[in-house]
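So you can see what is in the structure, the chains are spelled out below.
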2 protein chains.
Amino acid sequence: MAVYTDINEVDLKAFLAQYEAGELLSYKGIAEGVENSNFLLHTSKFPLILTLYEKRVEKSDLPFFLGLMHHLSERGLNCPLPLPRKDGELLGELSGRPAALISFLEGMWLRKPEAQHCREVGAALAKMHIAGEGFELTRPNALSLEGWQVLWAKSEARADEVEEGLEAEIGAELDFLSIHWPKDLPAGVIHADLFPDNVFFLGDTLSGLIDFYFACNDLLVYDLSICLNSWCFEKDGAYNITKGKAMIEGYQSVRPLSAAEIEALPILCRGSALRFFLTRLYDWLTTPAGALVVKKDPLEYLKKLRFHRAVTNASEYGLIA
Amino acid sequence: MAVYTDINEVDLKAFLAQYEAGELLSYKGIAEGVENSNFLLHTSKFPLILTLYEKRVEKSDLPFFLGLMHHLSERGLNCPLPLPRKDGELLGELSGRPAALISFLEGMWLRKPEAQHCREVGAALAKMHIAGEGFELTRPNALSLEGWQVLWAKSEARADEVEEGLEAEIGAELDFLSIHWPKDLPAGVIHADLFPDNVFFLGDTLSGLIDFYFACNDLLVYDLSICLNSWCFEKDGAYNITKGKAMIEGYQSVRPLSAAEIEALPILCRGSALRFFLTRLYDWLTTPAGALVVKKDPLEYLKKLRFHRAVTNASEYGLIA
């Protein structure tokens, strides 16, 4: 649940006067996103999301995120579109925070996605990769090999509190990935966090992708590996190959994978499982008990990591050559 | 911030099928109310509030609350209107909780209300008192003299932790109020919690009253004393007589007070200040550090209580005879 900053209607009206947004009718803090404060606004023109960027987001990254949403929307991707101010700027300020007004996407995220939805997500991800071409700004992936080392250095000493032997296991995994991580695959703008709560559906039709606040430049197929991790495992930890097959087929229906990308898929899945394991482990060890944010279990991603370590080639994910 | 229960779209769609509510387009958990889980729904017909009643609300009280909103709406008061199911029931069930769909009121609550707004609130409160006539259900006020004794018994022993001498001071106050509390004043349905966050405005015009989950039967002028406490003091603790005068004039423009009601106003203000002091004191002493709910300072209402104790007649609130 995320409303870290309250706003008053006087400041909000002054903020809205900088936009062609109509008359303000109501605003409600909404329980969405964990990094920022979000409000759903009704105006005489249309519903809007107002986002106040809190400290965990680097202000210098905001032009990348907002510019990317604008770029992708212009190329026909269904994603939130930042509303420009009358002076053309996408970013404003409210209650001492950087703030933006963004179009409201109707749709719901699926608590229980099925294979047909995974297919749509795969296709939408590939469309996003293609739509991202030509975007002039870049942002390195802060949560790739180097970032993992930094996170690990902060958690390593206490890792065995979570499970005995973890310090050795993860240390070895990081060494392996450093050596074998692929470099010469197609790269571009990736979403980097396309979990089920960031994909909206109306009925069974995908209606949009949201939350681009981890987007960055990296290997495109790495983004697919994140989706396999976040969409295609069941609650009991089992990989669902039917979902995986649908996800990969959906992706390839829009953007076929090269032989090198297919070959790299297992190691990329190991990397993305490790990435979410490491951020969850860090939060697990550092978030005080009783804090506002729900702690996510790092062991879920440890199990996934171990599954991928045993995969010898991409056919085990459902990929048919 | 209040979303205690998450809901999935499958259960929600089955729930909505019991109503004539249109097609579901989106739902967002909103940070509003502290007792229940609230969601803002967009459907193809209209926006709605979905409330899931959590444990702190007695299920047996729900027909009173929902029936009252229906009764008041029918009599022209701007307040949320429960949408009946196709079978006529106002109350349903979702995710194992009693649940209701309620019309969405546009408007915003004022973080910095002024005297003109207090005048409107006074008038709206009196309109609510008149509109409440003829409502056939009743609910005793659980937070009057008897309830205060129960709360106090749970906090008394630790009261001096908050301020030295508090145990003696509040004990004496309760004794005084038990002896002098008025009995023969006009009674009816009162809101009992009409704080600024429960009154919506569009511009400077009052657009509606919300949150009837403390409503009950009690002395009508006691409700006015709650509003004087919650609207007419400044942040520094000073009583703002301009606001008080406007509030009382607004009330009397719709429902003039009797001489007996006017005479009782100071003691009723003491009682309502004590009521909010006691619930806040109890929460202060029992809510664990770092819990989801923001703890409100009980001393704010102790200061108000002491102010009222020094008041000799209602003219000190701005009432002109």
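- As annotated in an unreviewed UniProt entry, chain A carries the name Homoserine kinase and is attributed to Agrobacterium albertimagni AOL15.
- Heading Sequence similarities (unreviewed entry) of the UniProt record for chain A holds this comment: "Belongs to the pseudomonas-type ThrB family."

1. Some points on the domain arrangement of chain A
You'll often see interface size given as the accessible area lost when the parts meet.
Residues and elements named next belong to chain A.
1) Next: Each assigned domain of chain A is listed here: domain 1 (9-103) and domain 2 (115-317).
2) Next: On the side of domain 2, 24 residues touch domain 1, which itself brings 21 residues to the contact.
3) Next: In this assembly, domain 1 packs against domain 2 so that about 1800 Å² is buried in total across both faces, 73% of it on carbon and sulfur atoms.
4) Next: Ranking the residues of domain 1 by area buried against domain 2 places F64, F65 and L77 at the top, with a combined share of 32%.
5) Next: Our count for the domain 1 to domain 2 interface comes out at one salt bridge.
6) Next: Residue D61 pairs with R139 through a salt bridge whose shortest N-O separation is 3.1 Å.
7) Next: Classifying every residue of the side of domain 1 that touches domain 2 by side-chain character gives eleven nonpolar, five polar and five charged.

2. Concerning the packing of helix α6 (residues 166-180) of chain B against helix α9 (residues 259-286) of chain B
All names here are of chain B.
1) Next: Following both chains from N to C, one finds α6 and α9 inclined at 135°, their axes separated by 11 Å at the closest point. Considering their axes alone, α6 and α9 lie oblique with respect to each other. Of the two possible hands of crossing, α6 and α9 adopt the one that is left-handed. Contacts between α6 and α9 involve L166, I170, E173, L174, F176, L177 and H180 from the first element and I267, R270, G271, L274, F277 and L278 from the second.
2) Next: In terms of residue class, the contact of α6 with α9 is made up of nine nonpolar, two polar and two charged.

About the cut-offs
- Residues numbered from 1 in each chain as written.
- Chains lettered and ligands numbered in written order.
- Predicted model: local features only at pLDDT ≥ 70, side-chain atom pairs only at ≥ 80, totals over all residues.
- Heavy atoms only, no water.
- UniProt positions renumbered as here; feature names shortened; annotations may be inferred.
- Domains from an automatic or database assignment.
- Contact = heavy atoms within 4.5 Å.
- Buried area = accessible area lost by both parts, 1.4 Å probe.
- Salt bridge = Lys/Arg side-chain N within 4 Å of Asp/Glu carboxyl O.
- Nonpolar A, V, L, I, M, F, W, Y, C, P; charged D, E, K, R; others polar.
- Axes fitted to C-alpha atoms, helices over the stretch in contact; angles between N-to-C directions.
- Helix = DSSP H or I, 4+ residues; strand = E, 2+ residues; numbered from the N terminus.
- Parallel < 35°, antiparallel > 145°, perpendicular 65-115°, else oblique.
- Left-handed = near helix turned anticlockwise from the far one by under 90°.

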